[in-house]
Amino acid sequence: MRKQVPQFRIDKVQPLEEADISIFRTVRFVLTDMDETLAYNGRLSSETYAALEQLQAAGVKVVPVTAASAGWCDQMARMWPIDGVIGENGGFFFRRASQGMVLNDISGTENSVV
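Parameters at a glance
- Residues numbered from 1 in each chain as written.
- Predicted model: local features only at pLDDT ≥ 70, side-chain atom pairs only at ≥ 80, totals over all residues.
- Heavy atoms only, no water.
- Helix = DSSP H or I, 4+ residues; strand = E, 2+ residues; numbered from the N terminus.
- Buried < 20%, exposed > 50% of the residue type's maximum accessible area, 1.4 Å probe, protein only.
- Contact = heavy atoms within 4.5 Å.
- Areas by Shrake-Rupley, 256 points an atom, 1.4 Å probe, with all protein chains shown as cover.
- Lys, Arg positive; Asp, Glu negative; His and termini not counted.
- Charge placed at Lys NZ, Arg CZ, Asp CG, Glu CD.
- Phe/Tyr/Trp six-rings, centres within 6.5 Å; stacked < 30°, edge-to-face > 60°.
- Core = buried A, V, L, I, M, F, W, Y, C linked by side-chain atoms within 4.5 Å.
- Arc of directions from axis to C-beta.
- Patch = residues over 30% accessible without salt bridge, like charges linked within 9 Å, V, L, I, M, F, W, Y side chains within 5 Å.
- Salt bridge = Lys/Arg side-chain N within 4 Å of Asp/Glu carboxyl O.

**Side note on the overall build of the protein chain**
Of the regular secondary structure elements, the protein chain holds two helices and eight strands. Along the protein chain, helices and strands appear, N-terminal first, in the series β-β-β-α-β-α-β-β-β-β. With the principal axes as the frame, the protein chain shows a C-alpha extent of 45 × 45 × 25 Å. Within the protein chain, the proportion of its 114 residues that are buried is 25%. Pairs at least 24 apart in sequence give 31% of the contacts found in the protein chain among residues at least 6 apart. As displayed, the protein chain offers around 8400 Å² of accessible surface, 54% of which is attributable to carbon and sulfur atoms. Looking at the protein chain, you have 11 positive and 14 negative side-chain charges, and the mean spots of the two groups are 9 Å apart.

Listed below in structure tokens is the structure:
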């Protein structure tokens, strides 16, 4: 039997701080743009970093999505409190694994990254 997922109707866009907190209890993933969304003017603020840590502590998987190159995405995946990063406009996915970083390319090939 499939688990029932609450259905939400949004009549108009409202600020998140006005939302009923209960609608966020089932969130398992956050996929977000990176440039000018998480980072502003090329910098990740301490407040944003802290929010990423809080999401990770709550068990929410956070995955930034960016056009950035593999080198930049590798640094993000290793240094930020995130679970992976989709880079080069969907060309690959770096993710954390127990053995280190794993790179999945667009073909689905999985490669361990030291």
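**Things to note about the packing of aromatic side chains**
For the structure on display, the rule yields two aromatic pairs. On the basis of an interplanar angle of 90 degrees and a centroid distance of 6.3 Å, the ring pair of Trp-72 and Trp-80 is categorised as edge-to-face. According to the relative accessible area criterion, Trp-72 is partly exposed, its value standing at 36%. Classification of Trp-80 by relative accessible area gives buried; the value is 9%. An angle of 75 degrees between the planes, with centres 5.3 Å apart, marks the rings of Phe-92 and Phe-94 as edge-to-face. Assessed through its relative accessible area of 7%, Phe-92 is described here as buried.

**Digging into the nonpolar core**
Within the largest apolar cluster, 15 residues are counted, with the highest numbers of intra-cluster contacts made by Cys-73, Met-76, Trp-80, Ile-82, Val-85 and Phe-94. Breaking this core down by element, the ones donating at least two residues are helix 2 (70–79) and strand 6 (92–97). Sorting elements by how many residues they give to this core places helix 2 first, with three residues.

**Some words on helix 2**
Buried within helix 2 are the following residues: Cys-73, Asp-74, Met-76 and Ala-77. With its buried residues spanning 165 degrees around the axis, helix 2 presents them on a single face. Helix 2 presents Gly-71 and Met-79 as exposed residues on the side facing more than 90 degrees away from its buried surface. Buried residues in helix 2 make contact with strand 4 (61–65), strand 5 (84–87), strand 6, strand 7 (100–105) and strand 8 (110–113).

**Here we look at a nonpolar patch on the surface**
Taken together, Leu-16, Ile-21, Ile-23, Phe-24 and Val-27 make up a surface patch of nonpolar side chains, about 430 Å² in accessible area. Here Leu-16 shows up in the segment before strand 1 (29–33).

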